[in-house]
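# An overview of the molecular structure
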2 protein chains.
Amino acid sequence: MSYKTILGTKDFIEFLRGKKATLLLSLSTTQTCQIEGLTQAGIPGMIYLTPTLDAEFVCTGELRSLEGVVKTSKGVPTPALITRAIHLLHPFSNIELLDLGMQVKPKVNFFKCHEFDIQPSASIATGANIDAMTLFQKGVEFGKNYECRDDYILLAESVPSGTTTAYATAKALGYECEDKFSSSYKNSPKSIRATVLQQALENIKDKDDLFEKVGEVADNMLIFNAGLILGAAYKQTKIVLAGGTQMACVLLLVNAIVKYMGGSLQSDNLALCTTSWVHEDENSDIKALLEMLDFPIHAYSADFNFATSTHPALKLYDEGEAKEGVGAGGALVYGLINGVSKEQIIGTLETFLKG
Amino acid sequence: MSYKTILGTKDFIEFLRGKKATLLLSLSTTQTCQIEGLTQAGIPGMIYLTPTLDAEFVCTGELRSLEGVVKTSKGVPTPALITRAIHLLHPFSNIELLDLGMQVKPKVNFFKCHEFDIQPSASIATGANIDAMTLFQKGVEFGKNYECRDDYILLAESVPSGTTTAYATAKALGYECEDKFSSSYKNSPKSIRATVLQQALENIKDKDDLFEKVGEVADNMLIFNAGLILGAAYKQTKIVLAGGTQMACVLLLVNAIVKYMGGSLQSDNLALCTTSWVHEDENSDIKALLEMLDFPIHAYSADFNFATSTHPALKLYDEGEAKEGVGAGGALVYGLINGVSKEQIIGTLETFLKG
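Quantities reported herein were computed from a predicted structural model and do not represent experimental measurements.

Attention now moves to the environment of Lys4(B). Residues and elements named next belong to chain B. Note that lysine 4 resides in strand E1 (residues 3-7). Using a count of 15 C-beta atoms within 10 Å as the deciding quantity, one classes lysine 4 as partly exposed. Spatially, the C-alpha atom of lysine 4 lies 9.5 Å from that of valine 333, the residues being 329 residues apart in sequence. The contact partners of lysine 4, leaving out residues within four places of it in the chain, are His279, Tyr300, Ser301 and Asp303.

So this is what it looks like as structure tokens:
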């Protein structure tokens, strides 16, 4: 098996077997990531660099903005390794970067990096301070105008502490989502997260409209991609959200905006693909999040784990660390439906960690 | 690793990962190849047939213009086998032939063979007698007008004794290139080559302009492709020169023409990919040749050899015979960045030689 179905039928993903994909990496920093103990998605003290390094690694196999540090295997290796491994074994036809507010631009040539004049967002503990309506409209414009030259888009993200901002966003939108958002930690840092969440929600005023609320508690990736999806909704291009509960939150935001604006969404061309680590996570519930949507959605998880690997850093994934990010789940499904074997993926990853 | 970087950064070739390529085979005969002992690129007495047979083999897997001879494994097998093996494992999206003066036309249907009314050139020992300006302009026109329907072009060549004409051309242009051009022989036939070179350079008169000089000492492939590159320079199509020191000489000629005409070249969309046998050759120096250019160039070599093969004919490559040709180096890089493994390539080649 290549994948497991979370929601919907197999047909969507079976239709994509053998088809060509463009990987769009949405990259954003929120100062929320500097709250100690909230995320392990990166190098302590330099977590703001994670989206930059993830983009560099997926595109070139090198970490260019990190001088003097060669290994990525400190602690839990970034899921960017998984996405890169798939790209080596069955390349994406195209990779493009969406700069949704990074502190440091990735040092890559030739790969298109879309710029939108977006700044890193502030910490949600004190108010994210995002002009959500403007950002949303930038996403809509991009979704409307982007010409995909492949058969579908894999829309991925790298936003450290993004599950916390996603959780806060879903809460602010009124969804009953306690214990449904995952974390990069095996043992989700509940007390820190609860404190940040409470602080975040206190920044919302009763008179705030949907966009004003979201502008205080979300991150740029969530808002921009909600716009992107709505902008692209009437195009034929299929979009696979390659991610876990953060991407589920993008859909919850889309759902809320559609309701708020009194419209409806044609979701036929939309799906979500995540990892088995998110799908089977006992501390979160992506299926429940997706079932809160008013439109139907196809969702799948990659039938892949590190059971046959002996590498301790990879084993951490099976134990519940890291779980997802940088499109890992979508990349795995893409590889597996295109004939790449689990052994090849594990072999390539072990080579990276040796290097 | 799929490749090694000779010059420039990884980004150019990483950008091409997963993208589609058209293979353009430039095919030409120079009577220089009939000088005994100068080349082993073909069947003794029938070396003029090599470009024809290479084209037939890459396109169809058959040698159609060679009656009664079935095996290609006499002596050193043509690098066309490598290009064909890659085409079987991860096909080029398109193959087109450029007839730059063959004695015998390849017998293939459906594959587009571009005709330019170009005759085989004479031996440089007595003067190649090429109308270089007209030929160059044909290349420029083709480069300007050719519509590539894929993401990039792999520009390959089959010109027996082409390293000698390339060497003579670089010398005539005033480059300091002693011992920098490779040969199809392990032990480069230096005395024969030196004699031919001296004879060739004696055909140049002091009053000759750049094109007149080149018309005496070059071959059709070098001149036409220099035009092609300049004609295509302002298009978005990326061109990978798939070859060794002959393709380096195309660039040296481009460089000389740009200077001669007082222009400049935007080389962003240009790269060169060769084999490890050329890159690591102790009797030539492709890197030094490329460093003589006034424009920056990306250059890579395929991380591939026959270390794990036991086939004696293939082992000859590792010993320094043949080395490159018919786009072998570029084809290998193309295969390796698209998920083909070294084992698959060697397995396929061994099958050819069994047959």
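After that view, the rundown keeps rolling.
Listed per partner, the contact involves 14 residues of chain A and 11 residues of chain B. When contributions to the side of chain A that touches chain B are tallied by element, the ones reaching two or more residues are helix H2 (50-60) and helix H3 (80-89) of chain A. The greatest single-element share of the side of chain A that touches chain B, amounting to 3 residues, is contributed by H3(A). Along the lines of polarity and charge, the residues of the side of chain A that touches chain B split into 8 nonpolar, 5 polar and 1 charged.

Before going further, it helps to examine the packing of helix H2 (residues 50-60) of chain B against helix H3 (residues 80-89) of chain B. Residue and element names in this part refer to chain B. Two numbers describe how H2 lies on H3: the axes approach to 8 Å, and their chain directions differ by 20 degrees. One element, H2, and the other, H3, form an angle in the roughly parallel class. Regarding H2 and H3, the two cross each other, and that crossing is right-handed. Side by side, H2 and H3 meet where Asp54, Phe57 and Val58 of the first sit next to Ala80, Thr83, Arg84 and His87 of the second.

On to the packing of H3(B) against helix H14 (residues 342-354) of chain B, then. Residue and element names in this part refer to chain B. At a minimum axis distance of 9 Å, the contact between H3 and H14 shows a crossing angle of 120 degrees. In this structure, the crossing between H3 and H14 has a hand that is right-handed. Judged by residue contacts, Leu81, Ile82, Ala85, Ile86, Leu88 and Leu89 of H3 engage Gln344, Ile345, Thr348, Leu349 and Phe352 from H14. A breakdown of the residues in the contact of H3 with H14 according to their chemical character gives 9 nonpolar, 2 polar and no charged.

All names here are of chain B. Taken in spatial order, the 8 strands make up an open sheet running E1-E8-E7-E6-E5-E2-E3-E4, and their pairing is mixed. Edge positions in the open sheet fall to E1 and strand E4 (113-115), since each of these has one partner strand only. Strand after strand, the sheet turns through a mean of 25 degrees between neighbouring axes, direction not considered. In terms of strand pairing, strand E2 (residues 21-27) meets strand E5 (residues 152-158) through 7 bridges, oriented parallel. Residue pairing in the sheet places threonine 22 in a bridge with isoleucine 153 of E5. Packing against the sheet, helix H8 (residues 220-232) makes contact with E2, E5, strand E6 (238-242) and strand E7 (270-274), and its axis sits at approximately 145 degrees to E2. Sitting on the sheet, helix H13 (residues 328-336) is in contact with E1, E2, E5, E6, E7 and strand E8 (298-302), with an inclination near 80 degrees to E8.

What counts and what doesn't
Residues numbered from 1 in each chain as written. Chains lettered and ligands numbered in written order. Predicted model: local features only at pLDDT ≥ 70, side-chain atom pairs only at ≥ 80, totals over all residues. Helix = DSSP H or I, 4+ residues; strand = E, 2+ residues; numbered from the N terminus. Buried ≥ 20, exposed ≤ 12 C-beta atoms within 10 Å, placed from the backbone. Contact = placed C-beta atoms within 7 Å. Nonpolar A, V, L, I, M, F, W, Y, C, P; charged D, E, K, R; others polar. Axes fitted to C-alpha atoms, helices over the stretch in contact; angles between N-to-C directions. Parallel < 35°, antiparallel > 145°, perpendicular 65-115°, else oblique. Left-handed = near helix turned anticlockwise from the far one by under 90°. Pairing = 2+ DSSP bridges.

By themselves, these are just geometric observations and shouldn't be taken as functional.
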